[in-house]
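Understanding the architecture of this molecule
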Amino acid sequence: MERGKTKLLVICIAFIHLSNASENLSRGKPTNMSSIYGTWSSDLAVDGCKNQNVFRSCCMHTSDQGLLEAWWWVDLEEPIAVGNVLIYYRDGWIHRLGGYEIILSNTSEWAQGDRCYIDKSPSKCSLPSLQNNTCQGVAQFLTIYVDRRVKLRSWYSRAAILELCEIEVYGCPVGYYGTGNCNSSCDVSCVDRNCHPSTGICLRCSPGYYKDGQGCSECKQHCPGVCDGETGVCAHCPEGTFGDFCKPCPSECASGSCAKKRGHCEKGCVTGKFGAHCNKTCPENCRNGMCEQTVGTCADCKHGKYGFTCEESCPGCCEGRHCLQADGTCAEKAECNDCSALKVVFPVLLAFVIVVCAFIIIRMKQRYTGTCGPAKLKEPFYADNKSNIELEQPNVYSNSGAVD
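Residues numbered from 1 in each chain as written. Predicted model: local features only at pLDDT ≥ 70, side-chain atom pairs only at ≥ 80, totals over all residues. Heavy atoms only, no water.

By the naming in an unreviewed UniProt entry, the protein chain is Scavenger receptor class F member 1, taken from Mizuhopecten yessoensis.

1. Section: the state of the cysteines
Scanning the model with the defined rule gives 18 disulfides in all. Sulfur-sulfur distance for the disulfide between Cys-59 and Cys-165 comes to 1.9 Å. On the S-S bond that ties Cys-59 to Cys-165, the torsion sits near 85 degrees, and the link is right-handed. With Cys-59 in the loop between strand 2 (31–33) and strand 3 (69–89) and Cys-165 in strand 7 (residues 164–173), this pair connects stretches of sequence that are 106 residues apart. Take Cys-59 and Cys-165: they sit in the same class, and that class is buried. (Disulfide = S-S within 2.5 Å. Helix = DSSP H or I, 4+ residues; strand = E, 2+ residues; numbered from the N terminus. Buried < 20%, exposed > 50% of the residue type's maximum accessible area, 1.4 Å probe, protein only.)

2. Concerning the packing of aromatic side chains
According to the stated counting rule, one finds seven aromatic pairs in the structure shown. A ring pair is formed by Trp-71 and Trp-110, whose centres lie 6.1 Å apart and whose planes are at 50 degrees; its orientation type is tilted. With Trp-71 in strand 3 and Trp-110 in the loop between strand 4 (101–105) and strand 5 (114–118), this pair connects stretches of sequence that are 39 residues apart. With 5.7 Å between their ring centres and 40 degrees between their planes, Tyr-100 and Tyr-117 make a pair best called tilted. Taken together, the residues span a long stretch of sequence, with Tyr-100 in the loop between strand 3 and strand 4 and Tyr-117 in strand 5 at a distance of 17 residues. Under the relative-accessibility criterion, Tyr-100 is labelled buried at 0%. (Phe/Tyr/Trp six-rings, centres within 6.5 Å; stacked < 30°, edge-to-face > 60°.)

3. A look at the nonpolar core
In terms of nonpolar packing, the biggest core is built from 32 residues, with Trp-72, Ile-144, Leu-162, Leu-164 and Ile-167 touching the most fellow members. If you list the elements that add at least two residues to this core, you get strand 3, strand 4, strand 6 (130–147) and strand 7. The biggest single contributor to this core is strand 3, with nine residues. With near-sequence residues (within four places) excluded, Ile-144 lies in contact with Ala-70, Trp-71, Trp-72, Ile-87, Tyr-100, Glu-101, Ile-102, Leu-162, Leu-164 and Ile-167. Trp-40, Val-54, Cys-59 and Tyr-170 belong to the second-largest nonpolar core, a separate cluster that totals nine residues. (Core = buried A, V, L, I, M, F, W, Y, C linked by side-chain atoms within 4.5 Å. Contact = heavy atoms within 4.5 Å.)

4. Topic: the pairing of strand 10 (residues 209–212)
Pairing between strand 10 and strand 11 (residues 215–218): four bridges, direction antiparallel. Along strand 11, the bridge assignment pairs Tyr-210 with Ser-217. Count of turn residues in the strand 10/strand 11 antiparallel hairpin: two residues, of which Gly-213 carries a positive phi of about 70 degrees. (Pairing = 2+ DSSP bridges.)

5. Some details on the confidence of the model for the protein chain
Mean pLDDT over the protein chain: 83, with 82% of residues reaching 70 or higher. Ignoring residues within four places in sequence, the model shows residues 1–20, a span with pLDDT below 50, making 22 contacts including any to other chains. Confidence drops under a pLDDT of 50 for residues 375–404, and excluding neighbours within four residues, the segment shows three contacts in the predicted structure. (pLDDT = per-residue confidence, 0-100.)

6. Quick word on the side chain of Gln-131
Considering the arrangement of structural elements, one finds Gln-131 in strand 6. For Gln-131, the side chain forms a polar contact with the side chain of Tyr-100, separated by 3.0 Å. Gln-131 has contacts with Val-85, Leu-86, Ile-87, Tyr-100 and Tyr-117, leaving out every residue within four places of it along the chain. (Polar contact = N/O pair within 3.5 Å; in protein donor to acceptor, adjacent residues only side chain to side chain.)

7. Some thoughts on the side chain of Glu-166
You can see Glu-166 is positioned in strand 7. For the buried Glu-166, which has no salt bridge, the nearest side chain bearing the opposite charge is Arg-27, at an N-O separation of 5.2 Å. Among the polar contacts made by the side chain of Glu-166, one reaches the main-chain amide nitrogen of Cys-49 at a distance of 3.4 Å. Aside from chain neighbours lying at most four places away, what touches Glu-166 is Leu-44, Ala-45, Val-46, Asp-47, Gly-48, Cys-49, Lys-50, Leu-86, Ile-87 and Tyr-88. (Lys, Arg positive; Asp, Glu negative; His and termini not counted. Salt bridge = Lys/Arg side-chain N within 4 Å of Asp/Glu carboxyl O.)

Set out below in structure tokens:
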């Protein structure tokens, strides 16, 4: 019961996938195989019968005589853009299919063809009898191959035997694609107009185009017509462009040229610009708008300005406001007189004031204290004057009375 459910699930998944597929182009086409067992010939694998019971005469069967290699191929009769391959194998004998390969080729000499699928199932249970495999490429012949010269897994059969009940190859003739049909034309951007048979996506892009998501886009406009088909990287960039996609050099680069890899302006910037890509503006006070390319310091300042970026103003006392760019000192032969006089007079004046103040302080100390010792009044002076004051007082009053 479980086996039946698993098989039904696999069939449902396969048909959901094929609902968006192109046409089955193997039905009724010429076939061949390495050997035959009984009457089960190679054409039984493309007759439309999908019964997986070999005794219903719906399956091909190679020899069971212990051969170590077995193969079967179908001739699609014209180059086909193959999308996927659906395999109906004999029920109960899946160990004979283990490790099989699907090979695409343009001739019946399939051994030199391209292997579009190799089975790597780790166990017998992981390999269902209904296989739906993606197998993309362009070919006229499709081959199913089993190799037992070296037995890679223990569950593989000893001998190489194939029992294919039906093989359906889905695809479209080269140049066409479609869903359930092949009515749409591949885009001209696809190499040889070859695209995926179901989606129309280019398998490879034509010269002048590159893979861009689901389709092919033209090489960037500045590429000289050639770019990598997978990445779009330009093969060579002309003068005045840079980078993988030949972007134009910055317009502020001198001579319009720049480094090929990163677009740095190697030959300098136009006047008024600085920086690796010359995308920064020089300080406004730089003389003639010119500054150093790396950090933007001014080569020289406009009149009356100083500093690395000329942001500071020269001192007002400088004659004509001329000063040195480095530190703002007045330029030689441009110093004003009041500035020079002030520099000389101020120190002299300060020294004079200090001397005068010191002299006054010393004189005051000498008056009250002498050169040393505590301060005191001179008594003889006081005594002499006291007697004189007392003698003179009566006269004051007598004089006053005389006046009266």
